[in-house]
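Residues per chain are reported as follows:
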Protein chains: 4
Amino acid sequence: MIGGAAGSFIGPVHRMAAALEGKIELVCGAFSSIPAKSYKMGKELFLDDDRVYISYEEMIEKERKLPSEKRVDFISIVTPNYLHYPIAKTCLEAGFNIVCDKPLVNTIEEADELCRLTKKQNVLFAVTYCFSAYPLVKQARELVRKGILGNIQKIIVEYSTGWLLKAVEVNKMTQKDIWRMVPAKVGNSLCIGDIGVHAENLAYTIVGLEMEKLNAVTNSYIKGTRLDDEANILVKYQNGVRGIIICSVVAVGETENLVIRVYGNKASLEWHENFPEQLILKEPNGPEKIYKRDADYLEPIAKYNTRFPVGLPEGYVEAFANIYSNFANTLMARESGRDPSEFDLDFPNVFDGARGVYFISCALESAKSNQWVNMEFDPFKY
Amino acid sequence: MIGGAAGSFIGPVHRMAAALEGKIELVCGAFSSIPAKSYKMGKELFLDDDRVYISYEEMIEKERKLPSEKRVDFISIVTPNYLHYPIAKTCLEAGFNIVCDKPLVNTIEEADELCRLTKKQNVLFAVTYCFSAYPLVKQARELVRKGILGNIQKIIVEYSTGWLLKAVEVNKMTQKDIWRMVPAKVGNSLCIGDIGVHAENLAYTIVGLEMEKLNAVTNSYIKGTRLDDEANILVKYQNGVRGIIICSVVAVGETENLVIRVYGNKASLEWHENFPEQLILKEPNGPEKIYKRDADYLEPIAKYNTRFPVGLPEGYVEAFANIYSNFANTLMARESGRDPSEFDLDFPNVFDGARGVYFISCALESAKSNQWVNMEFDPFKY
Amino acid sequence: MIGGAAGSFIGPVHRMAAALEGKIELVCGAFSSIPAKSYKMGKELFLDDDRVYISYEEMIEKERKLPSEKRVDFISIVTPNYLHYPIAKTCLEAGFNIVCDKPLVNTIEEADELCRLTKKQNVLFAVTYCFSAYPLVKQARELVRKGILGNIQKIIVEYSTGWLLKAVEVNKMTQKDIWRMVPAKVGNSLCIGDIGVHAENLAYTIVGLEMEKLNAVTNSYIKGTRLDDEANILVKYQNGVRGIIICSVVAVGETENLVIRVYGNKASLEWHENFPEQLILKEPNGPEKIYKRDADYLEPIAKYNTRFPVGLPEGYVEAFANIYSNFANTLMARESGRDPSEFDLDFPNVFDGARGVYFISCALESAKSNQWVNMEFDPFKY
Amino acid sequence: MIGGAAGSFIGPVHRMAAALEGKIELVCGAFSSIPAKSYKMGKELFLDDDRVYISYEEMIEKERKLPSEKRVDFISIVTPNYLHYPIAKTCLEAGFNIVCDKPLVNTIEEADELCRLTKKQNVLFAVTYCFSAYPLVKQARELVRKGILGNIQKIIVEYSTGWLLKAVEVNKMTQKDIWRMVPAKVGNSLCIGDIGVHAENLAYTIVGLEMEKLNAVTNSYIKGTRLDDEANILVKYQNGVRGIIICSVVAVGETENLVIRVYGNKASLEWHENFPEQLILKEPNGPEKIYKRDADYLEPIAKYNTRFPVGLPEGYVEAFANIYSNFANTLMARESGRDPSEFDLDFPNVFDGARGVYFISCALESAKSNQWVNMEFDPFKY
C-alpha cells in the first residue's frame, strides 16, 4: 500500500475491503512521505519494519528485488490524487499490478500514458469505482443486457452530498477534507473529480454507452475556492440516448445520495446507493418489482458478488471488497496459468479510470465555454 | 362549467374538488360543443335543461342576463388548451370570475392579454396548479420564508410519468390522450405544457424566485409527433440560484413522479407528490425531520388547507379542492364587502398562469436554438 | 343525516364522502339534540328549515309521511355510539335504508336485533368500515381468493395511534375526544371499539375467515379511565390460521398506523393504510411486487373503486366514498327494479357490524378472565 | 475457532467480522470433527498444520500448554448449538476467554453453570447477539436512558423470516439448514432458539427491563418437525411494561425482518434491521426524526461503533465486528493491566446469553401449558 497513514480516509477502507475475505494480506507499505508516520502505521498494522518504506520509490525499488515468493503481488495506491500518476507510472514500469483509487489521474495525457503502459506491461490495473461493484448494480447491468428495458432512452444519475459545505460551515475541516480544496493536490476539479466520476462510471457500468457530448454548468458556492463544488451536466450518449448527471458536495443534508435511473422503452430501473439492497424495476403493465440482493432469481454474476443472505445487510465495504476479491482471483488465476473467469474479470480497470478523466476534462471545458463539448474517449485506441 | 362532458379527464376532477366541501354548487354548463353531449352531461349532473348550453358563447350571453341572485358566481374552464384563451377572454369581458385549468393559454401575447383584462375587470382568476395547493407545499414555502433553509442555492424539480409511451405502446389512446398530441389543440408543447408548468409553478410557489435564463433540451421519442415528450432544462434563477427541471411523459413505469428538492446553505427540503403527507427537512447538524400533514406544529396556513388528521390520507382531490375552497371564500368575502383573508387569497392566479406560458415559450426557444435564452416575465408590468 | 352538528368529527367526513361523486344529495337532518345547533348546521348546509329536525324521532316520523319522491332515500347515523342502536332500530322499523358508523352497537343482543330487523324489513344497511373500502384492500382480497398466497397461515393486523395520550398530555381534549372516554356514551370499550374493530374487519374483508378463539390483554394507561386504551390480542381463526391484533390509542407518535400482513404458504401480502396506494406481495422465488392503485393489471373490482390515475393520490375520503357510492348504486338498482351488480353490493353491512360487536365483547371477556374465550358469531343464524 | 468448516454459515461470518479491523488474527482452529475437513479449512485459511486440530479437546489441551505469547488469546465457538455447552465448559475450565454464538446453550442448568464458571474463572465471555451491536441500537438505548421516551409503556419486537418454509418448499435443504430441524443438534426450539432470542436480546439491550411473565403460542407449520417454526408471545416486563414478541421462520417472503418499536409516554422509537442506518423517533409535538448512523449528533458510544460516513452503508458484518472489536479491546486492556473503557465493555456477555436460554425455556413451557408462565432469570444470582 502506498499512502494511507493516520488521517487518511480511504486508506483504512482499502485495508478493510482487502482483509474481509481473508485471501489478501498486507505485507508492506509506504504509508506516508514522513518516515515516522509511515513506520507508526506499519507498526499498527503489525508489519515488519523492513517492509515499511519511507517513499514509494524506495518501496518499488526494494520490492522488485525481492524473490518472487516474498515480493508483494500487487500495490494499492491510496494517496491524494496528484500522486496517482507518478506512482502508478513507476509501478507499471517496474511491472507491478495495481489497485488505484479514483480519479485515476489529473489530465488526459496522463490517463493515456497509463493506459498504454498497462497494455504494454500486461499487468492488472483496477480502479476502485466501488459503487459500480454492488451486486445489484451488476444485476441492473444484466437486466439491460438482456433487453428487459428495451431500447434505452434516458439516464439520470445524481450524486449529491453536503459534506463540504457542512465541514466549512461548522469549521471542522480536517486533513481528509483540506487537500480536496487545493488544486495542486486534488487537480482542477473538486466535485466532478471526487464524485462526478462515480456517477459517470455507474451509468457506464450499467448501460455500457459512451458519452458523445456534454453541456455542463458548474458552481462554486464555497467561498475561497475556485474549484467546482457542484455541477449539473446534460449528456448526449451514443444512440441518441439522453442523460443528466447532477453532482454536488454542497447539498446540505444529503449523505452520499447516489441514485441512478435508467429508462428504456419497455421498462425502467432505479437504484439508490443509500439502500443498496434493493433494485427497482418498473414496467408499464405489471407491478413494480423490487429485486433483493442474494435472491435466488438474481443473475449468477450478481449472486457471485454477495456474501450474506439479504436481510443481513451488506454495504460499502462489501462492494469495495468485491473489487479486491475479483482482482485477487484474477491475479491468482494468471499466476497459476489459468484463465481468469469472466466473473473475476468484472472489476473497473485503467480504461474505466481514463474514461473518468476524459469526462472531468470535457465537463470543465463545457462549463468554461458555456457550450456543448465533444467527448473524445475511445477505449480501443490504446 | 365550460367543457367537461363525457370522456373528459379533468372535468370530473374539477367537479369533485368543487363539491367536496359543500359550499359550491354546479348550476350551469356548456359541457360540449355537441349539443346532445352537453345535455346528456347536464342530465347526469341533475341540472335543469335551461341551464345547459350548447356553446360557451351562449352560456356567457345568457348567464350575464340573469338576475344576480340566480346568475352563476364564477365559471370553470376545463376544455382542451386551445380554447382557454377565447373562452377566458369572453368571460372576462362579461365580468365573470374564472377558474381555468393549465396551461393558461398557448402564447405569450394571449397570456399578457388575459393578465391585463383581469386587472382591468377586477375579477378573480384562479389557475388550477393543483400540486402547489397541497398543505405541505405551503408548509415548505413557509419554511423557506422563515429562513430555515438559509440562502437558497439550488432547486431540483422533476415530473416524470410514462403515460403517453404506455398509451402508445399498448395501443390504448383514448380521447383524453389524443388531443394532447395535436398541436392545433394542445398548442406547441406536449410535455412542458402539460406537466413542465406544474414543476415550474411548484418551484415558484415554494421559493418565490423568478427565472432569468433557461437552457433546454427537448426530445420526441414518440414516433409521429413533432412535439416534445421530454425535456431537461437547466435554469438560472434570480440571486444566482441554480435549477434543474426534468419532465417527461415517456418515462416508462413512472406514475406522476413529481418531486421537488430545495437546497439552502442551512438546510434542504424534499417533497414527493406521490407521498404528499410528508415533507422532509434535512439539516446538517440534527436528525432528518419528517413534517406530517395536519400536525400541530405546522404553520397555520398549512393547517388551514387540511381536513382530516394525518394518517387518514388526503391526496389529489383535496389539493384541488383547496384552490376551489380558497377561491370561493375569497369570492364570498368580496361579495359581502369584506376583505378576503390572506389564507383565502392563497391560490394560483392569472399571473402564475402567465408565468407558465412564458416558461413554455422560453424553453422551446432554447431547445430550438441550442442556447441559453432569457425569460422576460414580469408580473408587475400589467 | 342523524348527528353530525358542529364539533362532530365523523359527520363532515360522511358528508364529504357522500358528496364526492355528485350522486347523493343531503336533503334533511337531525344534527343535534339541541334544536339551535341542529338548525344552525342545517343552514350551513343550505337545507330548508322544514327538513331540519330537532330529534331523530321527529325526523323519522315526518320523513316517512312524505311522498316517496320527496322522502329521504336513506339515513346516515353519525352520532356517538350509544345512540346507534335506538336510532337504527327506529329507522329499521320505519323501513328506512341505513348507513351507520362503527361500532354498530354496544352489545351482542343489540347487534342480533339489528341483524334480524334488517333481514325482516329487507332494507339496505351499510356500516362504514372505511378502511376495508380502499381499492387495494379489495385487490388483496382478490389475490387471496385466487390462491396467490396459497393456504393462509397467519394474519397480523395492527392499528396503533397516539391521539388519546396526546390529547390528554397536552390538555387538548375536545368534544370529539371526551365522549370516547365516557362508558355511557362510548360503551364498554374505548380502544377495541374505536379502532380494534377496524383491524378485525380489515382482516375479515381480505381473508374471509371467522375467528374461533381470542386471548386478549388490555391496558389502561390513561389515568382516570377504566376503559381499555390498548389491547394485544392473540387470535385463532378457522382452519388453524393464527392471528395477532394489536391496537392502541396511546402509542405516542403513531398516526393511524393501520397495517395488515397476511402470510400464506406460497406468498404473503402487506398493506399500510398510511400508504394506501401500494400493496406489497412477497413471493419466495421472485422480486417483491408493488401493486399500484388504478393499474391496468388490477382486478376489475379494485379498479371499479378508484377515480384518479395512480400518482394522483387518493385517500381516506375516496375510500369512505366507495361505501357511499356502492351503497347508492345498489339502492338505485333496487329502486328501479334491477339487480344490483356484485361490485355495487361490495360494502360492509349490518352482519359485518355485528361481527365487530361480538369481537369487542369476546376480547373484553378474555382480558377479564385471562383466558382463551370462544367467539360465537355466526352470520347465517339470522 | 471451534467449528466453522466448509458448509458452515456462521463460521465465515465470525472470521470476516474478526478480520475487518485488522486487530484479530486467526491462529488456530478445530473446524470440524472430521480431521480431513478441519485440515482442509485450516489450509484455506493459511494456518500452519500444527495449529489445526481434530477435536476441540485436542485444541484446548494443546493450546493451554503453549507459551503465553504464542497461545491463542480467545476462542470462538461456532458449532451447532448442542456443542456450545461442552466446549464452552472445557474452555472455561482451561481459563480461556470465549466468544460464543447464540443461543448460549440448551438448558437453564447449562446456562447457570456457564455463568458461574465465567465468574469463577474471571474470563471474558461474549455472546454474538449481533443485531444488538448496531450503532443505532446503541443510540436507541441511550435515548431511552436519557428519558427522551419518558416512561416506557410497550415494546413490540418482530423477527420474521421465511427461510425455512422456502428451503422446504423448494427442496433446497442444505447442511446449514438441516441441523436446525434436529432436536438432538438444535435443542428443543427451532424458531425461538434461532431468532426469538435475538428479538428478546434486542429489547433488553435497548430498554434494560427483565421479563416477568410470558404467554406464548407456538406453531409447527412445517410437516415432520415437532419443533416450533413460529411463535407469538405476550410479555409482561418489569414496571408494568407490556410486550409482544413475534417470530417466525415460515413467514414466506420475509427476509430477516427484524423490527423493534418502543413506546414511552413522551415519545416512541422504531428501528428496522433491514434498514439499519436509520433510527426513527416519533414525538407527539414535533416532526418525526430520523437519526442517521455516524451523524455528529449521535451519542458518543453510538459513534464509537461506526466506521464509515453515513451514506456509505454499513451492515451486518460491521455490527458483528463491533462485538469482536470491543471484546478484543477489552481483552487487550486487561492483558496490559488497564481498565477497559465503558465503550469497549459494551458487548453481550454470558449473562445475556443465559437470559436468552431462560426465555426459550419459559416460552416453550407457556406454549405447552397454554398459560402465563413466570420467568425467573436473575443476573445477580451468580
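Rules of the game
- Residues numbered from 1 in each chain as written.
- Chains lettered and ligands numbered in written order.
- Predicted model: local features only at pLDDT ≥ 70, side-chain atom pairs only at ≥ 80, totals over all residues.
- Helix = DSSP H or I, 4+ residues; strand = E, 2+ residues; numbered from the N terminus.
- Rg over C-alpha atoms; globule rule 2.2 N^0.38 Å.
- Buried ≥ 20, exposed ≤ 12 C-beta atoms within 10 Å, placed from the backbone.
- Contact = placed C-beta atoms within 7 Å.
- Pairing = 2+ DSSP bridges.
- Axes fitted to C-alpha atoms, helices over the stretch in contact; angles between N-to-C directions.
- Least-squares fit on C-alpha atoms with pLDDT ≥ 70 in both.
- Nonpolar A, V, L, I, M, F, W, Y, C, P; charged D, E, K, R; others polar.
- Parallel < 35°, antiparallel > 145°, perpendicular 65-115°, else oblique.
- Left-handed = near helix turned anticlockwise from the far one by under 90°.
- Arc of directions from axis to C-beta.
- pLDDT = per-residue confidence, 0-100.
- Expected span 1.5 Å × (residues − 1).
- Bend = angle between axes of the 7 residues up to and from the residue.

A. Local environment of the overall build of chain A. Of the regular secondary structure elements, chain A holds 13 helices and twelve strands. Rg of the C-alpha trace for chain A: 20 Å, near the compact-globule value of 21 Å for 382 residues, within the 12% margin. Structurally, chain A occupies a C-alpha span of about 65 × 50 × 40 Å along its principal axes. Counting every position in chain A, which comprises 382 residues, the buried fraction comes to 59%. Taking the intrachain contacts of chain A between residues at least 6 apart in sequence as the baseline, contacts between residues at least 24 apart amount to 69%.

B. Geometry of the sheet that holds strand β3 (residues 125–127) of chain B. All names here are of chain B. One open sheet accounts for three strands, arranged β1-β2-β3; its pairing is parallel. For this open sheet the edge positions go to β1 (74–77) and β3, each flanked by a neighbour on one side alone. When the angles between neighbouring strand axes are averaged without regard to direction, this sheet yields 15°. Sitting on the sheet, helix α4 (residues 84–93) is in contact with β1 and β2 (97–100), with an inclination near 160° to β2.

C. Just the relation of the copies chain A and chain B, in detail. Between the two copies, chain A and chain B, the superposition gives an RMSD of 0.0 Å; the rotation angle is 180° and the shift along the axis is 0.0 Å. The superposition operator between the copies reduces to a two-fold rotation axis. Here 100% of the interface residues in chain A have copies in chain B that are interface residues too; the copies meet face to matching face.

D. Here's a closer look at the interface of chain A and chain B. Taken together, the contact pairs 30 residues of chain A with 30 residues of chain B. Put simply, the parts of the chain that give the side of chain A that touches chain B at least two residues each are β4 (152–160), α7 (163–169), β5 (211–219), β6 (230–237), β7 (242–248) and β8 (257–264) of chain A. For the side of chain A that touches chain B, a count of residues per class yields 14 nonpolar, nine polar and seven charged.

E. Summary view of the packing of helix α3 (residues 56–65) of chain B against α4(B). All names here are of chain B. Where α3 meets α4, the closest approach of the two axes is 10 Å, and the angle between their N-to-C directions is 10°. With respect to each other, α3 and α4 are oriented roughly parallel. Contacts between α3 and α4 involve Tyr56, Glu57 and Ile60 from the former and Ile87, Thr90 and Cys91 from the latter. For the contact of α3 with α4, a count of residues per class yields four nonpolar, one polar and one charged.

F. Structural view of the sheet that holds strand β1 (residues 74–77) of chain D. All names here are of chain D. On the basis of which strands lie adjacent, the open sheet formed by three strands has the order β1-β2-β3 and parallel pairing. Two strands in the sheet have a free side with no partner beyond their single neighbour: β1 and β3 (125–127). Averaged over all adjacent pairs, the angle separating strand axes in this sheet is 15°, with direction ignored. Sheet analysis places β1 next to strand β2 (residues 97–100), joined by four bridges and oriented parallel. Along β2, the bridge assignment pairs Ser76 with Val99. This element, helix α12 (residues 316–335), spans β1, β2 and β3 of the sheet and lies at about 175° to β2.

G. Expanded view of the pairing of β4(A). Residue and element names in this part refer to chain A. When you tally the buried positions in β4, you get nine out of nine residues, the bulk of the element. Sheet topology places β4 next to β8; eight bridges connect them, and they run antiparallel. Note on β8: the bridge partner recorded for Ile152 is Gly264.

H. Just the environment of Ala302(B), in detail. Residue and element names in this part refer to chain B. Turning to its location among the elements, Ala302 is positioned in helix α11 (residues 300–304). You can call Ala302 buried: it has 24 C-beta atoms within 10 Å. Ala302 sits 225 residues away from Ile77 along the chain, and the two C-alpha atoms are 27 Å apart. Not counting the four nearest positions on each side in its chain, Ala302 is found in contact with Pro135, Leu136, Lys138, Gln139 and Glu142.

I. Inspection of the relation of the copies chain A and chain C at higher detail. If you rotate chain A by 180° and push it 0.0 Å along the axis, it lands on chain C with an RMSD of 0.0 Å. A shared interface surface links the copies, since 100% of the contact residues of chain A are contact residues in chain C too.

J. Spatial organisation of the pairing of strand β5 (residues 211–219) of chain D. Residues and elements named next belong to chain D. Note: β5 against strand β6 (residues 230–237), eight bridges, orientation antiparallel. By the bridge assignment, Leu214 is partnered in β6 with Val235. Note: β5 against strand β12 (residues 373–374), two bridges, orientation antiparallel. Within β12, the position partnered with Lys213 by the bridge is Asn374.

K. A look at the interface of chain A and chain C. Listed per partner, the contact involves eleven residues of chain A and eleven residues of chain C. For the side of chain A that touches chain C, the leading source of residues is strand β11 (residues 288–292) of chain A, giving five residues. Of the residues contributing to the side of chain A that touches chain C, the split by class is five nonpolar, two polar and four charged. Looking at chain direction, β11(A) and strand β11 (residues 288–292) of chain C are connected through three bridges and run antiparallel. Considered in β11(C), the bridge of Lys289(A) is made with Lys289(C).

L. A look at the environment of Val217(A). Within the secondary structure layout, Val217(A) lies in strand β5. With 17 residues separating them in the primary sequence, Val217(A) and Leu234(A) have C-alpha atoms 8.8 Å apart. Ignoring any residue separated from it by four or fewer positions in sequence, one finds Val217(A) in contact with Ala231(A), Asn232(A), Ala367(A), Leu234(B) and Arg242(B).

M. Unusual backbone geometry, seen in detail. That bond from Lys102(B) to Pro103(B) is cis: its omega, -10°, falls within 30 degrees of zero. Counting through the fold element by element, Pro103(B) comes out in the loop between β2 and α5 (108–121). Not every positive phi belongs to a glycine, and Asn239(A) is a case in point at roughly 65°. Relative to the helices and strands, Asn239(A) resides in the loop between β6 and β7. One non-glycine residue, Glu256(B), lies in the positive phi region at around 55°. For Glu256(B), the position within the fold is in the loop between β7 (242–248) and β8 (257–264). A tally of 21 C-beta atoms within 10 Å means that Glu256(B) is categorised as buried.

N. A look at the packing of helix α1 (residues 10–19) of chain B against helix α12 (residues 316–335) of chain B. All names here are of chain B. Where α1 contacts α12, the two axes come as close as 8 Å, and the packing angle between them is 70°. The orientation of α1 relative to α12 falls into the category roughly perpendicular. Crossing of α1 against α12: the hand is right-handed. Here Val13, Met16, Ala17 and Ala18 of α1 lie close against α12, whose contacting residues are Val317, Phe320, Ala321 and Tyr324. Each residue belonging to the contact of α1 with α12 can be placed in one class, and the counts come to eight nonpolar, no polar and no charged.

O. Representation of helix α3 (residues 56–65) of chain D in the model. Taken together, the buried positions of α3(D) are occupied by Tyr56(D), Met59(D), Ile60(D) and Glu63(D). All buried residues of α3(D) fall inside an arc of 95° around its axis, so they share one side.

P. Representation of the confidence of the model for chain A. Looking at chain A as a whole, the pLDDT averages 95, with 99% of positions reaching at least 70. Both scores are given for the predicted complex: the pTM is 0.96, the ipTM 0.95.

Q. Just helix α10 (residues 191–207) of chain B, in detail. All names here are of chain B. With 17 residues, α10 should reach 24 Å at 1.5 Å per residue; the first-to-last C-alpha distance of 23 Å fits that figure. Along α10, the largest kink reaches about 30° and is centred on Val197. Judged by how many residues are buried, α10 sits mostly within the fold: 17 of 17 residues are covered. Following α10 by one or two positions, Gly208 has its phi on the positive side, about 75°.

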